Amino acid sequence: MDQKREHKPHCLILPYPSQGHINPLIQFSKRLAHKGITITFAVPQDVLTSSSAADISASIAVETISDGYNSAAARADADPREYLVTFKKEGTESTSRLIEKLREGRGRAVDCVVYDAFLPWGLAVAKSKGLFGAAFFTQASSVNVVYYNVFKGLLKVPVTERETVLPGLPSLAVSDLPSFVVDQEKYPGVLELLVGQFDGVEDSDFVFVNSVYELEEKANEWMKKSMSIQTIGPAIPSIYLDKRIQHDKNYGLSLFKPDDICMRWLQQRSPKSVIYVSFGSIAKLEKHEMEELATALKLTGKHFLWVVRSSEVSKLPENFTDEASGKGLIVSWCSQLEVLAHDAIGCFVTHCGWNSTLEALSLGVPMVGVPWWSDQATNAKFVMDVWKMGVRAYPDDGGVVGHEELVRCVNCVMEGERAEEMRENARKWKELAKGAVNEGGSSDRNIQQFVSTLMGVTL
Ligand code: UDP
């Protein structure tokens, strides 16, 4: 620490207010705090009231800004374009006011705004106040390559060619591409948001990606030619990876309340015997998709732990919860990291959201990918064909992932000919993830370099 400084360097962290964005940014914040940086984490009021700020490590202060909606329901119902326009206006004003407020507090002036790349206006706010700006990408580098090529006009959308060849990536079939690159109609405005992540990024002082360098080496190498990206992942609680830092089993600021029964239930199961199923915080499966999944889980004859958010429960087949008792446990939310780290888990049936994918990679759990939208298909492609630690379940001609396909995939991952190879690869990626965040690893070095720059120290 530079003794000349009157206060520790201070980062203001601006996440997009959804679970999949809050989680990695909290974890990144904890790592910075551990290295001596003061952190203020800024979220809309409702995020604070619907979760518990006390969950986050004591070293992180939480403040509120406005996105103009301040309610999860209003946000979910909003037209994405209108939401982003409103958030930009309200967020710019409220974040500027927050920076002023923090400047007036003793020893707490902000030095750097770390903004979620979903909120590119964060950079303009930082620059208008004379501060460093750091972009934070919450998706895989490989997915960044796709969106960056759209941003630069090098990949025309909607993509219709059978195969897409992009630098740093394996050849991608249409079904491997992020969904919005193929179909913009269903969710207008979302591709603009995703491609808009690169707006002004060349003026950012730092560009962070929640990934591990070696995991996506070619994509990272290619992105580095255009901008100085730095991988800092996996941004998952240190207790699972980095033995120097033993705190916090969870991220903190959970928007859903975990059901404590899971861990007691898992305790009674034998090693590698349970299928864990979760589609994250946003996906809304159709009723018939839930039915296929329910049938598949029953047919496997294995124990399963299935997260069905309360808003989705009505889509479960009638009496399924009763029928499942004994073999299955259905909960509305769980502490996913604790579950994935448990010995009893044999495979993870996942939508392949980037956090879930990285968590499973880092904890060495083989996956069955059932992508729902967005970048999930691309993540599933990598899980199956590049990292080779799982398989992807494909939809039938009617676009539905049927129960037979799901059973095939679960059996393939848990006991098929390639199951041992996948488990071996899973162990390899787990070690790689640990190595990256432990002292001197690729992600740790990047974080340290950022901290040193803020502290005015040359490495
Ligand atoms: N998660 C959790 N409990 C659950 C389901 C999910 O804690 O029951 C967490 C999970 O660990 C991950 C995040 O919610 O960090 C979901 O992010 P992801 O990118 O996987 O998917 P999204 O919700 O953005 O679609």
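Residues numbered from 1 in each chain as written. Predicted model: local features only at pLDDT ≥ 70, side-chain atom pairs only at ≥ 80, totals over all residues.

**Concerning the pairing of strand E10 (residues 274-278)**
Then, in step 1: With five of five residues buried, E10 is to be regarded as a mostly interior element.
Then, in step 2: Where E10 meets strand E11 (residues 303-307), four bridges bridge the pair, whose relative direction is parallel. What sits directly across from Tyr276, in E11, is Leu305.
Then, in step 3: Running through helix H11 (residues 287-300), the crossover from E10 to the neighbouring parallel element E11 is right-handed.
Then, in step 4: Both E10 and strand E13 (residues 345-350) contribute to a ladder of five bridges, which runs parallel. The partner of Ile275 across the bridge, within E13, is Cys347. (Buried ≥ 20, exposed ≤ 12 C-beta atoms within 10 Å, placed from the backbone. Helix = DSSP H or I, 4+ residues; strand = E, 2+ residues; numbered from the N terminus. Pairing = 2+ DSSP bridges. Right-handed = clockwise from strand over helix to strand, strands pointing away.)

**Overview of the nonpolar core**
One recurring pattern in soluble globular proteins: nonpolar side chains tend to sit buried together.
Then, in step 1: Val113, Phe136, Cys347 and Val368 are the most contacted members of the largest nonpolar core, which totals 130 residues.
Then, in step 2: The greatest single-element share of this core, amounting to six residues, is contributed by helix H17 (residues 419-437). (Core = buried A, V, L, I, M, F, W, Y, C linked by C-beta atoms within 7 Å.)

**Some points on unusual backbone geometry**
Then, in step 1: Residue Pro158 follows Val157 across a cis peptide bond; omega there is -5 degrees.
Then, in step 2: Cis peptide bonds are those with omega within 30 degrees of zero, and the linkage from Gly233 to Pro234 qualifies with 0 degrees.
Then, in step 3: We note that Leu253 has phi near 50 degrees; this positive angle belongs to a residue other than glycine.
Then, in step 4: Relative to the assigned elements, Leu253 resides in the loop between strand E9 (229-231) and helix H10 (261-267).
Then, in step 5: Since 25 C-beta atoms lie within 10 Å of it, Leu253 is described here as buried.
Then, in step 6: If you check the backbone angles, Lys388 has positive phi at about 50 degrees while not being a glycine.
Then, in step 7: Note on placement: Lys388 falls in the loop between helix H15 (376-386) and strand E15 (390-392).

**Here we look at the packing of helix H6 (residues 141-151) against helix H9 (residues 217-226)**
Then, in step 1: Orientation of H6 relative to H9, taken along the N-to-C sense of each, is 45 degrees, at an axis distance of 8 Å. For the element pair H6 / H9, the angle class is oblique. For the pair H6 and H9, the crossing hand works out as left-handed. On H9, the residues that touch Ser141, Ser142, Asn144, Val145 and Tyr148 of H6 are Ala219, Asn220, Trp222, Met223 and Ser226.
Then, in step 2: Across the contact of H6 with H9, the residue classes tally to five nonpolar, five polar and no charged. (Axes fitted to C-alpha atoms, helices over the stretch in contact; angles between N-to-C directions. Parallel < 35°, antiparallel > 145°, perpendicular 65-115°, else oblique. Left-handed = near helix turned anticlockwise from the far one by under 90°. Contact = placed C-beta atoms within 7 Å. Nonpolar A, V, L, I, M, F, W, Y, C, P; charged D, E, K, R; others polar.)

**Points about the site of the ligand**
Then, in step 1: What surrounds the ligand is a group of 19 residues, the closest being Gly20, Gly280, Ser281, Gly353 and Ser356.
Then, in step 2: Secondary structure elements with two or more residues in the shell around the ligand: helix H1 (19-34), helix H13 (336-340) and helix H14 (354-363).
Then, in step 3: If one sorts the elements of the shell around the ligand by residue count, H14 sits on top with four residues. (Near = placed C-beta within 6 Å.)

**A few points about the sheet that holds E13**
Then, in step 1: Spatial strand order, E12-E11-E10-E13-E14-E15: six strands in an open sheet with parallel pairing. Single-partner strands in this sheet number two, and they are strand E12 (328-331) and E15. Taken over all neighbouring pairs, the strand axes of this sheet differ in orientation by 15 degrees on average, direction set aside.
Then, in step 2: With four bridges connecting them, E11 and E12 associate as parallel partners. Its bridge partner being in E12, Leu305 is matched across the sheet by Leu329.
Then, in step 3: Seen against the sheet, H15 touches strand E14 (367-369) and E15 and runs at an angle of roughly 130 degrees to E15.

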